[in-house]
2 protein chains.
Amino acid sequence: MKIYIHTKFEASEVLVIKEKLAGKYELVIGEEISLENREDQFLSSTICFGNVPLAWAQKTSKLQWLQLHSAGLDPYQQLENYTFQITNLKGFFGQSVAETAVAGILAMYRGVAHLSKLQTESKWIGTPLRSSLHLLSNAKVLVLGAGAIGQKVKDLLVGFNCETTVLDSKTVVNLDEYLPTTDILVATLPETPETIGLLNKTRLQLLKSSALFVNVGRGSAVDEEALIEMLKNDQIYGAVLDVTAKEPIPVEHPLWQMPNVLLTQHTSGGWAEENLDKIKFFTENLERFEKGETLVNIANLARGY
Amino acid sequence: MKIYIHTKFEASEVLVIKEKLAGKYELVIGEEISLENREDQFLSSTICFGNVPLAWAQKTSKLQWLQLHSAGLDPYQQLENYTFQITNLKGFFGQSVAETAVAGILAMYRGVAHLSKLQTESKWIGTPLRSSLHLLSNAKVLVLGAGAIGQKVKDLLVGFNCETTVLDSKTVVNLDEYLPTTDILVATLPETPETIGLLNKTRLQLLKSSALFVNVGRGSAVDEEALIEMLKNDQIYGAVLDVTAKEPIPVEHPLWQMPNVLLTQHTSGGWAEENLDKIKFFTENLERFEKGETLVNIANLARGY
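Residues numbered from 1 in each chain as written. Chains lettered and ligands numbered in written order. Predicted model: local features only at pLDDT ≥ 70, side-chain atom pairs only at ≥ 80, totals over all residues. Heavy atoms only, no water.

**Re the sheet that holds strand E10 (residues 238–241) of chain A**
All names here are of chain A.
Here's step 1: Spatially, E7-E6-E8-E9-E10-E11 is the arrangement adopted by the six strands of the open sheet, whose pairing is parallel. Only two strands of the sheet have a single neighbouring strand rather than two, namely strand E7 (163–167) and strand E11 (261–263). Here the average twist between neighbouring strands, direction ignored, is 10°.
Here's step 2: Both E10 and E11 contribute to a ladder of three bridges, which runs parallel. Note on E11: the bridge partner recorded for Val-240 is Leu-262.
Here's step 3: Strands in contact with helix H6 (residues 148–156) are strand E6 (140–144), E7 and strand E8 (184–187); relative to E7, the strand with the most contacts, it is inclined by about 170°. (Pairing = 2+ DSSP bridges. Helix = DSSP H or I, 4+ residues; strand = E, 2+ residues; numbered from the N terminus. Axes fitted to C-alpha atoms, helices over the stretch in contact; angles between N-to-C directions. Contact = heavy atoms within 4.5 Å.)

Pasting the structure below:
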């Protein structure tokens, strides 16, 4: 049985894949063959690990299983009449993304984002900074999205005695009533027809001027222009943005130089062992595939996650 | 009864003091009178709020109670033959300092310190940063000092499932056996004869090269030169330093431009309502004083905290 590895891995990680699979399978590592040969290798494979181009996925008749290396399903929602199984990495990034969300909140509240910038200038301010700092303890936190990330954010905050409310995809429509009393709004939403533009200008303006906005879901959930305007006018305390409308953020974009913004450059899903853990997830799913068991994380393309 | 307020407060905060005390006491706000009159006003006062010069404190015969605005007792350990009570703010800064400690850990592990610096250059790196990040979850954390700060650090980490060990002033002598397996070393130690130089070169070198060092206690606890040398040679992953040997840190000091160091400029004890909360602490202690009750936080000068 042929397995095509499309995901780009480090040489040391490829070695791990080979050690685990090379004896048992015909293994093709996309990165090791020329670009023009990859599509053919994919089309003759039974199993694929990695997010191949949509056109390839549309064309294959041999593939039985596609393991994505992402939680998001974009652009595979557009697939038509496909016969293979698709699994994704739903939940895989929960801990990591939630940790960056809390890191971002604390970086804003405890001045770390500002202090890091001062450090580039070797500039000591010290004591006068203290009155600009805030305590996370006892804050009212509203988490949008009750998936792995949202639940983890709530878990991580336990020691801080925050009053944390998590709204799932059904209850998120009631968010308006929560916004006026929220100290920290954390969006962990996937991109679905319901979440695009959910945080429009009217909703953002329901927030207190002392509110902190954190987005570790998808940039499309928020009206970015309205948010920037509010940040400029101090109608909102600050924003931690892992995701934005445009990525990479263009060098001339106003977000870069806003003092009340922390940009984490869509890194929240990462950690040193991320790829090795992805390989582990794939090979464990592969054992299930071999045994005819139900695969973990079968994607629901219609739902979008 | 005369109360002398030595601590420097904002006008709005002085107003709060006056509203609470002006009717009942002869109230002298140091900041409102000329410098040369302050010592006399202090010497004729029964109660003082604020860290007056040691020489004044040595001279007074009228003072019955000195409420310090700090947790630290320096330089009052040098007082001789004094007859007044001294209270400090032990525990008052626990939550705040612990939050900065965790903010610093997460800033290093989740790349926020680095990302903040990149933001000053409007520089996107994105995905390639991910493999340099770490998860705090499941880390082995060793906290030196079991006071309010140390306990709070442990509390805040509960949601992260860290394996946290807190060594108090008695057990801290056994730290050597813990250092080789520690991922994150958090020093929250007060300055005492036992803690000065506790983290000497030999001890620091027991740490793993992947270890993160956090100091939110006193700079004197660590051999700073040895630490800098280890940071330069990647013998240690990084350091979050709220306290250093010299404060302010001189502009030419090597710590400023070290990429694996986060300097929080001795701000960890601060939050927006810090002074109002100090005033509240003092006025509540004042009520106890009036009723002849035992004051909260009577300082132990011999012990040093």
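**What to know about helix H4 (residues 94–109) of chain B**
In an α-helix, one turn spans 3.6 residues; hence positions three or four apart end up facing the same way.
All names here are of chain B.
Here's step 1: Between its first and last C-alpha atoms H4 spans 22 Å; for 16 residues at 1.5 Å apiece the expected length is 22 Å, and the two agree.
Here's step 2: With 16 of 16 residues buried, H4 lies mostly within the body of the structure.
Here's step 3: Just past H4, the residue Gly-111 takes up positive phi, approximately 75°. (Expected span 1.5 Å × (residues − 1). Buried < 20%, exposed > 50% of the residue type's maximum accessible area, 1.4 Å probe, protein only.)

**Overview of the interface of chain A and chain B**
Here's step 1: Between chain A and chain B, the contact holds 58 residues from the first and 58 residues from the second.
Here's step 2: For the pair chain A and chain B, the summed buried surface comes to about 5100 Å²; carbon and sulfur atoms form 59% of the total.
Here's step 3: Looking at the side of chain A facing chain B, the largest losses of area belong to Gln-119, Trp-124 and Arg-130 of chain A, adding up to 17% of the total buried there.
Here's step 4: Our count for the chain A to chain B interface comes out at two salt bridges.
Here's step 5: Notably, a salt bridge pairs Arg-130 of chain A with Glu-274 of chain B, separated by 2.8 Å at the nearest N-O pair. (Buried area = accessible area lost by both parts, 1.4 Å probe. Salt bridge = Lys/Arg side-chain N within 4 Å of Asp/Glu carboxyl O.)

**Details of the UniProt feature "domain: D-isomer specific 2-hydroxyacid dehydrogenase NAD-binding" (unreviewed entry) in chain A**
Here's step 1: Mapped onto this structure's residue numbering, the UniProt feature "domain: D-isomer specific 2-hydroxyacid dehydrogenase NAD-binding" (unreviewed entry) falls at residues 103–267 of chain A.
Here's step 2: Helix makes up 23% of residues 103–267 of chain A and strand 15%, whereas the separation of the span's terminal C-alpha atoms amounts to 12 Å. (UniProt positions renumbered as here; feature names shortened; annotations may be inferred.)

**A word on the state of the cysteines**
Here's step 1: Considering all chains together, one arrives at zero disulfides over all chains under this definition.
Here's step 2: Cys-162 of chain B provides the cysteine sulfur closest to Cys-162 of chain A, a residue in no disulfide bond, and the two sulfurs are 17 Å apart. (Disulfide = S-S within 2.5 Å.)

**Focus on the packing of helix H4 (residues 94–109) of chain A against H6 of chain A**
All names here are of chain A.
Here's step 1: Interhelical geometry of H4 versus H6 gives an angle of 50° and a closest axis separation of 8 Å. In terms of orientation, H4 lies oblique with respect to H6. Between H4 and H6 the crossing geometry is right-handed. On H6, the residues that touch Gly-94, Gln-95, Val-97, Ala-98, Glu-99, Ala-101 and Val-102 of H4 are Ala-148, Ile-149, Lys-152, Val-153 and Leu-156.
Here's step 2: For the contact of H4 with H6, the residue count by class is eight nonpolar, two polar and two charged. (Parallel < 35°, antiparallel > 145°, perpendicular 65-115°, else oblique. Left-handed = near helix turned anticlockwise from the far one by under 90°. Nonpolar A, V, L, I, M, F, W, Y, C, P; charged D, E, K, R; others polar.)

**Focus: the side chain of Asn-285 of chain B**
Here's step 1: With respect to the element layout, Asn-285 of chain B can be found in helix H10 (residues 274–291).
Here's step 2: For Asn-285 of chain B, the contacting residues outside a window of four places in its chain are Trp-65, Gln-67, Thr-87, Leu-295 and Val-296 of chain B.

**Comments concerning the packing of aromatic side chains**
Each aromatic ring pair is summarised here by two numbers: the centre-to-centre distance and the angle between the ring planes.
Residues and elements named next belong to chain A.
Here's step 1: For the structure shown, the criterion picks out 26 aromatic pairs over all chains.
Here's step 2: Seen from their ring centres, Phe-49 and Phe-282 are 4.5 Å apart, and the 15° between their planes marks the pair as stacked. With a gap of 233 residues between them, Phe-49 in strand E3 (residues 47–49) and Phe-282 in helix H9 (residues 274–291) connect regions that are remote in the sequence.
Here's step 3: Residues Tyr-109 and Tyr-237 carry aromatic rings whose centres are separated by 5.9 Å and whose planes lie at 80° to one another, so their mutual orientation is edge-to-face. With Tyr-109 in helix H4 and Tyr-237 in the loop between helix H8 (224–232) and E10, the pair connects residues that are 128 residues apart, well separated along the chain.
Here's step 4: Look at Tyr-109 and you get buried, because its relative accessible area is 5%. (Phe/Tyr/Trp six-rings, centres within 6.5 Å; stacked < 30°, edge-to-face > 60°.)

**Thoughts on unusual backbone geometry**
Here's step 1: Put simply, Asp-74 of chain B and Pro-75 of chain B share a cis peptide bond, and its omega is 5°.
Here's step 2: A positive phi angle is found at Asn-138 of chain A, which is not glycine, with a value near 70°.
Here's step 3: Note on placement: Asn-138 of chain A falls in the loop between helix H5 (112–120) and E6.
Here's step 4: Residue Asn-138 of chain A is classed as exposed on the basis of its relative accessible area, which comes to 59%.
Here's step 5: Of note, Gln-265 of chain B is a non-glycine position whose phi angle comes to about 55°, a positive value.
Here's step 6: Its place among the elements puts Gln-265 of chain B in the loop between strand E11 (261–263) and H10.

**Digging into the pairing of E6 of chain A**
Residues and elements named next belong to chain A.
Here's step 1: For E6, the buried fraction is high: four of the five residues fall into the buried class.
Here's step 2: Note that E6 and E7 share five bridges and pair parallel. Directly across from Lys-140, in E7, lies its bridge partner Glu-163.
Here's step 3: After leaving E6, the chain enters H6 and then returns to the sheet as E7, a path that is right-handed.
Here's step 4: With four bridges joining them, E6 and E8 adopt parallel strand pairing. Within E8, the residue paired with Val-143 across the bridge is Val-186. (Right-handed = clockwise from strand over helix to strand, strands pointing away.)

**Details of the pattern of salt bridges**
Here's step 1: For the structure on display, the rule yields 18 salt bridges over all chains.
Here's step 2: Between Lys-2 of chain A and Glu-26 of chain A there is a salt bridge, and its shortest N-O distance comes to 3.9 Å. Taken as a pair, Lys-2 of chain A in strand E1 (residues 2–5) and Glu-26 of chain A in strand E2 (residues 26–29) lie far apart in primary sequence, 24 residues in all.
Here's step 3: Classification of Glu-26 of chain A by relative accessible area gives partly exposed; the value is 46%.
Here's step 4: In this structure, Glu-284 of chain B engages Lys-280 of chain B in a salt bridge whose closest nitrogen and oxygen atoms are separated by 3.5 Å. Of this pair, Glu-284 of chain B and Lys-280 of chain B are both found in helix H10, four residues apart, which corresponds to roughly one turn of the helix.

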